[in-house]
Number of protein chains: 2
Amino acid sequence: MSNPTIYDVSRLSGVSTATVSRAFSEPERVRETTRRRVYEAASALNYQPSAIARAMARQRTDKIAFLICKKGATILDEFYAGICEGVMRRANSLDYQLIVSTAEDWQRIPQSKQIEGAILAGDAQPDLIAEFQRQNVKVVLANHVSPGFDLPCIIADEYDGVRQALSHLVAQGHRQIAMLAGRFSSYITSERYNAFLAAMKELGLSLDESSILMCERDAESAVQAARALLDRPNRPRAVFAFNDVLAAGVIKAARRLGLRLPDELAVVGYDDSSVCQLLEPELTSVHVDCRRMGELCMDRITALLHGETDVPRRTVVPVSLRVRSSA
Amino acid sequence: MSNPTIYDVSRLSGVSTATVSRAFSEPERVRETTRRRVYEAASALNYQPSAIARAMARQRTDKIAFLICKKGATILDEFYAGICEGVMRRANSLDYQLIVSTAEDWQRIPQSKQIEGAILAGDAQPDLIAEFQRQNVKVVLANHVSPGFDLPCIIADEYDGVRQALSHLVAQGHRQIAMLAGRFSSYITSERYNAFLAAMKELGLSLDESSILMCERDAESAVQAARALLDRPNRPRAVFAFNDVLAAGVIKAARRLGLRLPDELAVVGYDDSSVCQLLEPELTSVHVDCRRMGELCMDRITALLHGETDVPRRTVVPVSLRVRSSA
DNA sequence: CAAGCTAATGTAAGTGCTTTCATCAATGGC
DNA sequence: GCCATTGATGAAAGCACTTACATTAGCTTG
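Here is a short report on the structure shown in this document. (Residues numbered from 1 in each chain as written. Chains lettered and ligands numbered in written order. Predicted model: local features only at pLDDT ≥ 70, side-chain atom pairs only at ≥ 80, totals over all residues. Heavy atoms only, no water.)

## Overview of the protein's contact with DNA strand C
Moving on, step 1. Around DNA strand C, 28 residues are found, and the nearest of them are A:Ile6, A:Ser21, B:Ser16, B:Thr19 and B:Thr34.
Moving on, step 2. The sugar-phosphate portion of DNA strand C accounts for 57% of its atoms within 4 Å of the protein, the bases making up the rest.
Moving on, step 3. Take B:Ser16: an N or O atom from its main chain is 2.6 Å from a phosphate oxygen of DNA strand C.
Moving on, step 4. A distance of 3.4 Å separates a phosphate oxygen of DNA strand C from a polar atom in the side chain of B:Gln59.
Moving on, step 5. Elements represented by at least two residues in the surface near DNA strand C include exactly helix 1 (6–13), helix 2 (17–25) and helix 4 (51–58) of chain A together with helix 2 (17–25) and helix 4 (51–58) of chain B.
Moving on, step 6. The element best represented in the surface near DNA strand C is helix 4 of chain A, accounting for five residues.
Moving on, step 7. Considering only residue class, the surface near DNA strand C consists of 13 nonpolar, ten polar and five charged. (Near = heavy atom within 4 Å. Polar contact = N/O pair within 3.5 Å; in protein donor to acceptor, adjacent residues only side chain to side chain. Helix = DSSP H or I, 4+ residues; strand = E, 2+ residues; numbered from the N terminus. Nonpolar A, V, L, I, M, F, W, Y, C, P; charged D, E, K, R; others polar.)

Given below as structure tokens:
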């Protein structure tokens, strides 16, 4: 019942275990004929090298973790799922095993996980990072920058995303643009906010304090906020929402007021999540290539693991506005 | 630089490695005072037992895999992400490590992964299952039933879901109900289809061949299909869509035709995905507790791993209609 | 207080690979 | 044909734990 070991293969093929081992991990170092003998024996026995034993001997586990650090976020968040998907793809093709978890769950368990690297997505707590560094685990940050640490991080071009969105609205003739943001706690959202201020200035648009709105991060709060905004006597004709869920809220509110989109109200979202194409009108949104971000994370981790020292610290992935019918 | 081992702790605390080992894995078997000495030494050295070495010695890895088997599906599919989330939660709290991947990616890599169990979500290929069984890996199926195998599987109550949806429409006075399904290839969707036929019959509704529609699985196809349906002289007043994306397509089509919902057209979706609350009107949909499904999968796996023999083979999780404003 | 018993601890043999170093075979240059 | 070289293979020592079994310490009890 127990699995065949390298000894069984060694015996059956008549070569030493060293050769069997080499036949599997460095085939070019063993002669063609012997190699074939080994493979035959192996498949006859249905042998597969044990990853555990290998890890033990090599002192490497080929295991890395993807942790969602944003509070309350899970793999159900499309954005993080997208990054995860990218990481997963790359991890699989590089033959790394990927452990997926949230930072909270992860920290609840004392047991050492023997990972070689960790990709932290979202606002990673400094003490988590420090802990990993102490354990000599390589760390890469996704969608976050942690000032205190000198780590590779992969972020989207917030500034350009906001600029593209606003430029588009301007091109449609809008000059009065309201902004709706979820109450933000994360590095990235405040980054986006700064980008908004900067872009408004750059485009020469006046920034009316009253048209900067904050709400909770669910659609219903967005509806409320949007409603208040749209009820004003001098309501804005364009709204830039910090994410698609909020944008959907704005659209809902507009619909309920009987406004025609995009004529009477233009709406732009952010993230280009799957909901954009399900709304009517379809939502114009800033597309962020989160899969790509995930892939880059994995690339940085492997570079670190290979001992490379000149790993880029800050990689900004380009974004692009997907123009649809909401603006 | 290298991590401290059990020997270091043994030396520092003045007890044997066996005792150190026990102090960590069966604390009750070592005297209070010694235990404390061991812990002190361990924390002084910043020692953490190596999961690898432990796995090696114990012949257990505490590692299980969650594989998305549905073709083309990824962790970005909200439904699978939900199951994954449930599995993850439970896995973490039970101190199992979870490897997440798609079945395709998984099979591309020959290397043995040393997992003890696998949770296969969606239509798992028989040969994949057989392969796992051959390797003595415990298997549980999520959202799928594979007739050829005697495996625990966790599925949602398709029949009841459809029945609830249709009953609700009937309660609203509808008698002519059209159905829109994505071209289905999976076990579950055909199950849902059968449930639809059965429920229609049970409710005494006439089933007009022409009001059973199929389309591709994206929103745009649904729009096309719905448009054709709604253009008919004698158009139906209610549509039951097989999932929320299709339902969103129907709503889009209806909006474009200027129909008022739910008065002129009632729409019910399936899955209760996050989009339901973002649409206007909000989409009435059949809620499936996929997190729960994931948790149950994990429970079944652990039962199997503990050698229990009377593990339930077929667990049906209840569903419930979330009534909103689209119907 | 010795015997007997149990609880606590130690000894050492796995666990299945990798890898260093040594050995041996084969090849080529002269 | 001999010696230096290179390439292929083997022997054996880890890697960091667990655990069966042996041993010892600590109590109880008559």
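The structure having been displayed, the exposition proceeds.
## A few points about the environment of A:Ile155
Residue and element names in this part refer to chain A.
Moving on, step 1. Within the secondary structure layout, Ile-155 lies in strand 5 (residues 153–156).
Moving on, step 2. The class of Ile-155 is buried, set by a relative accessible area of 5%.
Moving on, step 3. Beyond its immediate chain neighbours, meaning those up to four positions away, Ile-155 contacts Asn-143, His-144, Val-145, Ile-188, Met-293, Arg-314, Thr-315, Val-316 and Val-317. (Buried < 20%, exposed > 50% of the residue type's maximum accessible area, 1.4 Å probe, protein only. Contact = heavy atoms within 4.5 Å.)

## A word on the packing of aromatic side chains
Moving on, step 1. As enumerated under the stated definition, the model contains 14 aromatic pairs over all chains in all.
Moving on, step 2. For the ring pair A:Phe24 and A:Tyr39, a centre distance of 5.6 Å and an interplane angle of 55° mean the geometry is tilted. Remark: A:Tyr39 occurs in helix 3 (residues 32–45) and A:Phe24 occurs in helix 2; sequence separation between them is 15 residues.
Moving on, step 3. The exposure class of A:Phe24 is partly exposed, given its relative accessible area of 28%.
Moving on, step 4. Ring geometry for B:Phe240 against B:Tyr270: centres 6.2 Å apart, planes inclined by 65°, an arrangement best described as edge-to-face. Of this pair, B:Phe240 sits in strand 8 (residues 238–241) while B:Tyr270 is found in strand 9 (residues 266–271), placing the two residues 30 residues apart along the sequence. The exposure classification of B:Phe240 matches that of B:Tyr270, with both residues buried.
Moving on, step 5. Grouped by ring-pair contacts, the aromatic residues A:Phe196, A:Phe240, A:Phe242 and A:Tyr270 constitute a single cluster.
Moving on, step 6. One residue, A:Arg192, lies across the ring of A:Tyr270, its end atom 3.7 Å from the ring centre. (Phe/Tyr/Trp six-rings, centres within 6.5 Å; stacked < 30°, edge-to-face > 60°. Lys NZ or Arg CZ within 6 Å of the ring centre and 35° of its normal.)

## Observations concerning the relation of the copies chain B and chain A
Moving on, step 1. Under the fitted operation, chain B is carried onto chain A by 0.1 Å of movement along the axis and a turn of 180°, and the coordinates agree to an RMSD of 0.2 Å. Interpreted geometrically, this transformation is the action of a two-fold axis. Judged by C-alpha distance, B:Ile99 is the residue of chain B that lies nearest the rotation axis, at 2.5 Å. (Least-squares fit on C-alpha atoms with pLDDT ≥ 70 in both.)

## Some details on the interface of chain B and chain A
Moving on, step 1. Taken together, the contacts link 52 residues of chain B with 52 residues of chain A.
Moving on, step 2. Of the roughly 5000 Å² buried between chain B and chain A, counting both surfaces, carbon and sulfur atoms make up 58%.
Moving on, step 3. If you look at where chain B meets chain A, you find six salt bridges.
Moving on, step 4. A:Glu282 serves as the salt-bridge partner of B:Lys252, at 2.5 Å between the closest nitrogen and oxygen.
Moving on, step 5. On inspection of chain B and its partner chain A, the count reaches 16 residue pairs in polar contact (both at pLDDT 80 or more).
Moving on, step 6. Elements that contribute at least two residues to the side of chain B that touches chain A include exactly helix 4, helix 5 (78–93), strand 2 (97–102), helix 10 (219–231) and helix 11 (244–256) of chain B.
Moving on, step 7. The biggest single contributor to the side of chain B that touches chain A is helix 5 of chain B, with seven residues. (Buried area = accessible area lost by both parts, 1.4 Å probe. Salt bridge = Lys/Arg side-chain N within 4 Å of Asp/Glu carboxyl O.)

## Considerations on the protein's contact with DNA strand D
Moving on, step 1. Near DNA strand D you find 27 residues, and of these A:Ser16, A:Thr19, A:Thr34, B:Ile6 and B:Ser21 are the closest.
Moving on, step 2. Protein-proximal atoms of DNA strand D, defined as those within 4 Å of the protein, fall in sugar or phosphate at a share of 60%.
Moving on, step 3. One of the backbone N or O atoms of B:Ser50 is found 3.3 Å from a phosphate oxygen in DNA strand D.
Moving on, step 4. Of all the secondary-structure elements, those providing two or more residues to the surface near DNA strand D are helix 2 and helix 4 of chain A together with helix 1 (6–13), helix 2 and helix 4 of chain B.
Moving on, step 5. Looking at the surface near DNA strand D residue by residue, the classes come out as twelve nonpolar, ten polar and five charged.

## Re the pattern of salt bridges
Moving on, step 1. With the rule as written, the count across this model stands at 46 salt bridges over all chains.
Moving on, step 2. Linking A:Arg60 and A:Asp62 is a salt bridge whose minimum nitrogen-to-oxygen distance equals 2.4 Å.
Moving on, step 3. For A:Glu282, the salt bridge goes to B:Arg256, with nearest N and O atoms at 3.9 Å. Residue A:Glu282 is located in the loop between strand 9 (266–271) and strand 10 (284–288), and its partner B:Arg256 is located in helix 11; the two belong to separate chains.
Moving on, step 4. Classification of A:Glu282 as buried rests on a relative accessible area of 15%.
Moving on, step 5. Linked by salt bridges that have partners in common, A:Glu220, A:Lys252, A:Arg256, B:Glu280 and B:Glu282 make up one network.

## A look at the sheet that holds strand 8 of chain B
Residues and elements named next belong to chain B.
Moving on, step 1. Strand order across the open sheet formed by six strands is 7-6-8-9-10-12, with mixed pairing between neighbours. A single partner strand is all that each edge strand has here, and the edge strands are strand 7 (212–215) and strand 12 (319–322). For this sheet, the mean angle separating the axes of adjacent strands, direction not counted, is 20°.
Moving on, step 2. When strand 8 meets strand 9, the two strands line up parallel, connected through three bridges. Considered in strand 9, the bridge of Phe-240 is made with Val-268.
Moving on, step 3. Sitting on the sheet, helix 9 (residues 187–202) touches strand 6 (177–182), strand 7, strand 8 and strand 9, and the angle it makes with strand 6 is about 170°. (Pairing = 2+ DSSP bridges. Axes fitted to C-alpha atoms, helices over the stretch in contact; angles between N-to-C directions.)

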